[in-house]
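Fold and geometry: a report
Each chain, written out:
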Amino acid sequence: MILNITIILGFQLTGEVMTRALSLPLPGPVTGMALLLAAFLIRPELATRVLPTSQGILQHLSLLFVPAGVGVVSHTDALGDSGVALLIALVGSTVLALAVGALTFVALARLTDNAGYRS
């Protein structure tokens, strides 16, 4: 398991170094994930090896949200001052993201002439 985590973090580090060295407009972890996907496609046994560890990490993904929850609780005074604005921004951005996602799906379905999609 330690070797598998080292592989995952190694790709993240490689992505971070590449992104900074080449001044890419992407976050380093995203570049690292793309490199990891390419490695999985080139060597499927690597994907098989890392799968149990990655599933274990995903099962405990909610633990990564604990610091954010603590931050929200510790800044309740800011929520009181700008709670309405934050709520409007949260709801508005959610609606906008859903609309953009739906419109993108419709556009791609029409572009690829998907027979399974009927408008």
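Residue positions within a chain follow its written sequence, with the count starting from 1. The predicted origin of the model limits local features to residues at a pLDDT of at least 70 and limits the giving and counting of side-chain atom pairs to 80 or more, whereas totals for whole chains, interfaces and linings rest on all residues. Heavy atoms from the whole structure form the basis of all side-chain values; hydrogens and water molecules are not counted.

**Considerations on the overall build of the protein**
The helix and strand tally for the protein stands at five helices and zero strands. In sequence order, the protein lays out its α and β elements as α-α-α-α-α. For the radius of gyration, the atom set is restricted to C-alpha positions; the globular benchmark scales as 2.2 Å times the number of residues to the power 0.38. A globule of 119 residues ought to have a C-alpha radius of gyration of about 14 Å, yet the protein, at 20 Å, is considerably larger. Its C-alpha atoms give the protein principal-axis dimensions of about 50 × 50 × 35 Å. Remark: exposure states derive from per-residue accessible area (1.4 Å probe, protein chains only) relative to the maximum for the residue type, with buried under 20%, exposed over 50%, and partly exposed in between. Within the protein, the proportion of its 119 residues that are buried is 11%. Every residue pair with non-hydrogen atoms within 4.5 Å of one another is taken to be in contact. Considering only contacts within the protein whose residues lie at least 6 apart along the sequence, 36% involve residues at least 24 apart. Under the scheme used here, helices are H or I runs from DSSP no shorter than 4 residues and strands are E runs no shorter than 2 residues, and both carry numbers assigned from the N terminus.

**As for the layout of surface pockets**
Computed from the structure, the largest pocket encloses a volume of approximately 250 Å³. The pocket and cavity definitions rest on a 1 Å grid over protein atoms only: a 1.4 Å probe that fits but cannot leave marks a cavity, an open set with protein on both sides within 12 Å along at least five of seven lines marks a pocket, and residues lining either have an atom within 4 Å of a point. Together, Ile5, Ile8, Leu9, Gln12, Met33, Leu36, Phe40, Val50, Ser54, Ile57 and Leu58 line the largest pocket. Counting only elements with at least two residues in the lining of the largest pocket, the list comes to helix H1 (2-22), helix H2 (28-42) and helix H3 (44-59). For the lining of the largest pocket, the class distribution of residues is nine nonpolar, two polar and no charged. Grid points are joined across faces, edges and corners, and a volume is the space filled by probe spheres set on the points. Gly is placed with the polar residues, together with every amino acid not listed as nonpolar (Ala, Val, Leu, Ile, Met, Phe, Trp, Tyr, Cys and Pro) or charged (Asp, Glu, Lys and Arg).

**Examining the environment of Thr94**
Mapped onto the elements of the fold, Thr94 is located in helix H5 (residues 76-111). When the C-alpha atoms of Thr94 and Phe11 are compared, they prove to be 31 Å apart, with 83 residues separating the residues in sequence. Any N or O atom pair separated by 3.5 Å or less is treated as a polar contact, with the protein-specific requirement of one donor-capable and one acceptor-capable atom, and with residues adjacent in sequence counted only for side-chain atom pairs. A polar contact is formed between the side chain of Thr94 and the backbone oxygen of Leu90, at a distance of 2.8 Å.

**A few points about H3**
Between the first and last C-alpha of H3 there are 22 Å, a value that for 16 residues agrees with the 22 Å anticipated at 1.5 Å per step. In H3, a bend of some 40° at Leu51 exceeds every other bend along the element, and Pro52, a proline, comes one to four places later. In this fold, the buried residues of H3 make contact with H1 and H2. Any helix carries an expected span of 1.5 Å times its number of residues minus one. Fitting axes to the seven residues ending at a residue and to the seven starting there, one defines the bend at that residue as the angle between these axes.

**Structural notes on the nonpolar core**
Core analysis: the biggest nonpolar cluster contains five residues, these being Ile7, Leu36, Ala39, Leu46 and Val50. Contacts of Leu36, omitting those with residues within four sequence positions, involve Ile7 and Phe11. To form a nonpolar core, buried Ala, Val, Leu, Ile, Met, Phe, Trp, Tyr and Cys residues must be joined to one another through side-chain atoms within 4.5 Å.

**Some details on the side chain of Thr31**
Counting through the fold element by element, Thr31 comes out in helix H2. Its relative accessible area of 9% is what places Thr31 among the buried residues. Look past the residues within four positions of Thr31 in its chain and what remains in contact with it is Gly15, Thr19 and Leu26.

**Focus: the environment of Gly10**
With respect to the secondary-structure elements, Gly10 resides in helix H1. Along the backbone, Gly10 and Gly32 are 22 residues apart, and their C-alpha atoms lie at a distance of 8.3 Å.

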